[in-house]
Amino acid sequence: MAQSPHGWPDRQRALLRAQVRRAVRRRAVTRQGADSLTARLVRVRPWLIAGLVLALLGLMMLAISLIAFTHRGRDLADALVPAGIMLLVTSGAPLMLGLLRFLEPPGANTQRCGRCRFYQPVTEGYTRGWCTVDRPRLSTTSDSGCGRYQFSERAMVRDRLSQAPHILNSRTEA
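Residue positions are given per chain, counting from 1 as you read along its sequence in written order. Owing to the predicted nature of the model, reporting of local features is limited to residues with pLDDT of at least 70; listing and counting of side-chain atom pairs is limited to 80 or more, with chain, interface and lining totals taken over all residues. Only heavy atoms go into the side-chain values, all of them from the structure, while hydrogens and water stay out.

K.L.:
Would you mind going over empty space enclosed by the protein with me for this structure?
P.N.:
Here a cavity is any set of points on a 1 Å grid over the protein atoms alone where a 1.4 Å probe fits but cannot get out, and a pocket is any open set with protein on both sides within 12 Å along at least 5 of 7 lines; a residue lines the site when it has an atom within 4 Å of a point. Grid points are joined across faces, edges and corners, and a volume is the space filled by probe spheres set on the points. Scanning all chains against the criterion turns up two cavities of 30 Å³ or more. In this structure, the second largest cavity encloses a volume near 40 Å³. What lines the second largest cavity is simply C113, C116, F118, Y119, C131, C146 and R148. Here the lining of the second largest cavity is composed, by residue class, of six nonpolar, no polar and one charged. Note on residue categories: nonpolar means Ala, Val, Leu, Ile, Met, Phe, Trp, Tyr, Cys or Pro, charged means Asp, Glu, Lys or Arg, and polar means any other residue, Gly included.

Here you go:
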């Protein structure tokens, strides 16, 4: 059996660690982008559903009125056309509100990892840390967010103190 060069296992471990770190960063960035898009779509969903239901009802009434008109049911067609047009026109309002809600910038994220009970900061500072929900601890930041958020008062206090550390040294705040 051939001998491996001196330090080869250490170099190999360092290379593997670097590859894992890069993969975790890529996964965290992808998850943050996906979470923000899905959160925005969830916020807009009721408006889109309401607009689509109104539009479909209006189209159904217009289709029924067209069928009634071809079968010589002029009275039914005269009654359904205005109702169908009204539903089609009013369906634009919820669709427009949903579009505006989708395009508005996200507000201050109160549900962020820095205020979660699963967040464990690294020793250098509070902005970088680990999510301890998963066994292979995922690297994250205190401003990130995920679906497994659970509020913790202790973590919230640590997050606020990390944003303004001068408060601890101030005599006026004591």
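K.L.:
Sorry, what's going on with helix α4 (residues 153–163) here?
P.N.:
In an α-helix, one full turn covers 3.6 residues, which means residues spaced three or four apart are oriented alike. Buried within α4 are the following residues: A155, M156 and D159. The arc enclosing the buried residues of α4, seen along the axis, measures out at 100°, which places them on a common side. Summarising the geometry of α4, the exposed residues directed more than 90 degrees from the buried face are E153 and R154. The buried label applies to any residue whose accessible area, calculated with a 1.4 Å probe on protein chains only, is under 20% of its type's maximum; exposed applies above 50%, and partly exposed to all values in between. Each helix corresponds to a stretch of at least 4 residues labelled H or I by DSSP, and each strand to a stretch of at least 2 residues labelled E; elements are numbered beginning at the N terminus. Think of it as the arc spanned by the lines of direction from the helix axis to the C-beta atoms.

K.L.:
When you look at the pattern of salt bridges in this model, what are you seeing that I'm missing?
P.N.:
The salt bridge criterion pairs a side-chain nitrogen of Lys or Arg with a carboxyl oxygen of Asp or Glu, the two atoms within 4 Å. Per the counting criterion, the structure on display carries two salt bridges. The closest approach of N and O atoms between D78 and R74, which form a salt bridge, is 4.0 Å. With D78 and R74 both in helix α2 (residues 74–90), this residue pair falls four residues apart, about one helical turn. Judged by relative accessible area, which is 46%, D78 ranks as partly exposed.

K.L.:
Help me understand the pairing of strand β3 (residues 138–141) in this model?
P.N.:
As a general feature of sheets, a regular strand has side chains that alternate between the two faces. Residues L138 and T140 line the buried face of β3, whereas the alternating positions S139 and T141 sit on a face that is not buried. As defined by bridge partners, strand β2 (residues 128–131) adjoins β3 across four bridges and the pair is classed as antiparallel. Its bridge partner lying in β3, C131 is registered against L138. For two strands to pair, DSSP has to find at least two bridges joining them.

K.L.:
Looking at this structure, how should I read the packing of α2 against helix α3 (residues 92–103)?
P.N.:
Convention adopted: a line fitted to C-alpha atoms gives each axis, helices being fitted over their contacting stretch, and angles between N-to-C directions are expressed from 0 to 180 degrees. Packing of α2 against α3 leaves a shortest axis separation of 4 Å and a crossing angle of 10°. One finds that α2 runs roughly parallel with respect to α3. Of the residues in α3, those touching α2 at L88, V89 and T90 are G92, A93 and P94. A class-by-class count of the residues in the contact of α2 with α3 yields four nonpolar, two polar and no charged. By the definition adopted for this analysis, an angle is roughly parallel if under 35 degrees, roughly antiparallel if over 145, roughly perpendicular if from 65 to 115, and oblique otherwise. We call two residues in contact whenever any of their non-hydrogen atoms come within 4.5 Å of each other.

K.L.:
Explanation requested: the sheet that holds strand β1 (residues 119–121) in the structure shown.
P.N.:
In a beta sheet, neighbouring strands pair by backbone hydrogen bonds and run either parallel or antiparallel. Strands sit in the order β1-β2-β3 across an open sheet of three strands; the sheet is antiparallel. Each of the sheet's edge strands pairs with one partner strand only, and the pair in question is β1 and β3. When the angles between neighbouring strand axes are averaged without regard to direction, this sheet yields 40°. The pairing of β1 with β2 spans three bridges and is antiparallel. Bridge pairing in β2 places P121 opposite G129.

K.L.:
How do you make sense of the side chain of T140 when you look at a structure like this?
P.N.:
In this fold, T140 is placed in strand β3. Here T140 falls in the buried class, since its relative accessible area comes to 10%. What T140 contacts, discounting residues up to four positions off in sequence, is C113, Y119, T127, R128, G129, W130 and C131.

K.L.:
Where do I start with a nonpolar patch on the surface in this structure?
P.N.:
Taken together, the side chains of I49, V53, L57, M60, I64 and L76 make up a nonpolar region of the molecular surface, amounting to roughly 530 Å² of accessible area. Looking at the nonpolar patch, the element that brings in the most residues is helix α1 (residues 8–70), giving five residues. Tracing the chain through its elements places L76 in helix α2. Overall, the relative accessible area of 46% leaves L76 in the partly exposed class. For patches, a residue must show more than 30% relative accessible area and have no salt bridge; joins then use 9 Å for like charges and 5 Å for nonpolar side chains, namely Val, Leu, Ile, Met, Phe, Trp and Tyr. All accessible areas in this document rest on Shrake-Rupley with a 1.4 Å probe, and a residue is counted as covered only by the protein chains that are shown.

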